[in-house]
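Geometric and topological summary
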Amino acid sequence: MSDYVIDPPPVVSLPVAGSTARFPVRRIFCVGRNYADHAREMGHDPDREPPFFFDKPADALVVGDEDVPYPSCTRQLEHEAELVAALGSGGRDVDPAKASELVFGYAIGNDLTRRDIQAEAKKLGRPWTMAKGFDGSAVCGPVHPVARIGHPSEGAIHLHVNGTLRQAGDISQMIWSVPEIIAGLSRLVELKPGDLIYTGTPSGVGRLVPGDVVEIAIAGLGKLRNRIASGR
């Protein structure tokens, strides 16, 4: 056994629906502007250009229905409801026709964003890292194994804040399908078991404040409910 100069970080993991086992998380990737209406509301052309990606650290995860601490250095925290693909195997240059074979299961996610920091970074041509990869920025529910639910390619995705509908769409509206996303990402990095991929959000993203209760539902995956708590 190796000796470490500091204690190694704990393994980050998600619950697996219907099981006592856990899904260990290696990396978190996200797809930008993968729904046409969301691309338009962010001021972009939704034509089918190649997908682009950003990432979040694994320890940014908020697991299940835990409270989400309001992050520092922002006055514009925004929600983004997303379908998440959890990979059980990996590869490079994956054939889109075989990409679904890499998926262990699917989950409900919320890609939280410090929108004001993102807007400033865009204006200055700087990276988005601190707008997307902050502590508590990756909310994710239990992983539902493909063996139980199959590969969802359609189904409603809704987000409510304090009971009011904010986002409503269907995962069939994704510009790039999950297999296409996996194949495209695998040309940039070697995918590995434990990687999560957030697949984009419908239109209707909006501001959150402490005390808000966010509920996301995706057909076949149940619901994810989180309260926005005061900052750390």
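All values derive from a computational prediction rather than experimental measurement. (Residues numbered from 1 in each chain as written. Predicted model: local features only at pLDDT ≥ 70, side-chain atom pairs only at ≥ 80, totals over all residues. Heavy atoms only, no water.)

1. Regarding the overall build of the chain
This is how the line gets drawn: Strands are runs of DSSP state E lasting at least 2 residues, helices are runs of H or I lasting at least 4, and numbering of each runs from the N terminus. Only C-alpha atoms enter the radius of gyration, while the globule expectation follows 2.2 Å times N to the 0.38, with N the number of residues. Relative accessibility under 20% of the residue-type maximum defines a buried residue, over 50% an exposed one, and the middle range a partly exposed one, all with a 1.4 Å probe and only protein chains included. Contacts between residues were defined by any pair of non-hydrogen atoms, one from each residue, lying within 4.5 Å. To measure how exposed things are, a 1.4 Å probe is used in the Shrake-Rupley method; for residues, cover is taken only from the protein chains shown. For this count, His and the chain ends are skipped, Lys and Arg are scored as positive, and Asp and Glu as negative. Where a charge sits is defined by one atom per residue type, namely NZ (Lys), CZ (Arg), CG (Asp) or CD (Glu).
Assigned secondary structure in the chain consists of five helices and 18 strands. Its C-alpha atoms give the chain a radius of gyration of 17 Å, within 12% of the compact-globule value 17 Å for 232 residues. The principal-axis extent of the C-alpha atoms belonging to the chain is close to 45 × 45 × 40 Å. For the chain, with 232 residues in total, the buried portion stands at 50%. Looking at the chain alone, contacts between residues at least 24 apart form 75% of all its contacts between residues at least 6 apart. Total accessible area on the chain is roughly 11200 Å²; 51% of this is exposed by carbon and sulfur atoms. On the chain, the mean spot of the 25 positive side-chain charges and the mean spot of the 29 negative ones are 3 Å from each other.

2. Quick word on helix α5 (residues 178–186)
Summarising burial for α5: seven of the nine residues are buried, a large majority. Taken together, the buried residues of α5 touch β3 (28–31), β4 (53–56), β8 (81–87), β9 (103–111) and β15 (196–198).

3. Let's talk about helix α2 (residues 115–124)
In an α-helix, one turn spans 3.6 residues, which is why side chains three or four residues apart end up on the same side. The condition is simple: The directions from the helix axis to the C-beta atoms are what the arc is built from.
By the burial criterion, the buried members of α2 are R115, Q118 and A121. Axial view of α2: buried residues confined to an arc of 120°, hence all on one face. Residues of α2 that are buried in the fold lie against β7 (77–78), β10 (113–114) and α3 (129–132).

4. Thoughts on the environment of A147
Its location among the elements puts A147 in helix α4 (residues 146–149). By relative accessible area, which is 80% here, A147 ends up exposed. Placed 56 residues apart in sequence, A147 and G91 show a C-alpha to C-alpha distance of 21 Å.

5. Some remarks on the pattern of salt bridges
Rules: The term salt bridge refers to a pairing of a side-chain nitrogen on Lys or Arg with a carboxyl oxygen on Asp or Glu at a separation within 4 Å.
All chains considered together, the criterion is met by 11 salt bridges. The shortest N-O distance in the salt bridge between R27 and D195 comes to 2.9 Å. Of this pair, R27 sits in the loop between β2 (22–24) and β3 while D195 sits in the loop between α5 and β15; the two residues are 168 residues apart in sequence, bridging distant segments of the chain. Judged by relative accessible area, which is 0%, D195 ranks as buried. A salt bridge links R115 to E78; the nearest nitrogen and oxygen atoms lie 2.8 Å apart.

6. Side note on the sheet that holds β7
To keep it simple, the criterion reads: Strand pairing is assigned whenever DSSP identifies at least 2 bridges connecting the two strands.
In space, the three strands of this open sheet follow the order β10-β7-β16, with antiparallel pairing throughout. Of all the strands in the sheet, just β10 and β16 (207–208) have a single pairing partner and so form its edges. Here β7 pairs with β10 via two bridges, running antiparallel. Each bridged residue has a counterpart across the sheet, and for E78 the counterpart in β10 is T113.

In short, geometric facts, not functional conclusions.
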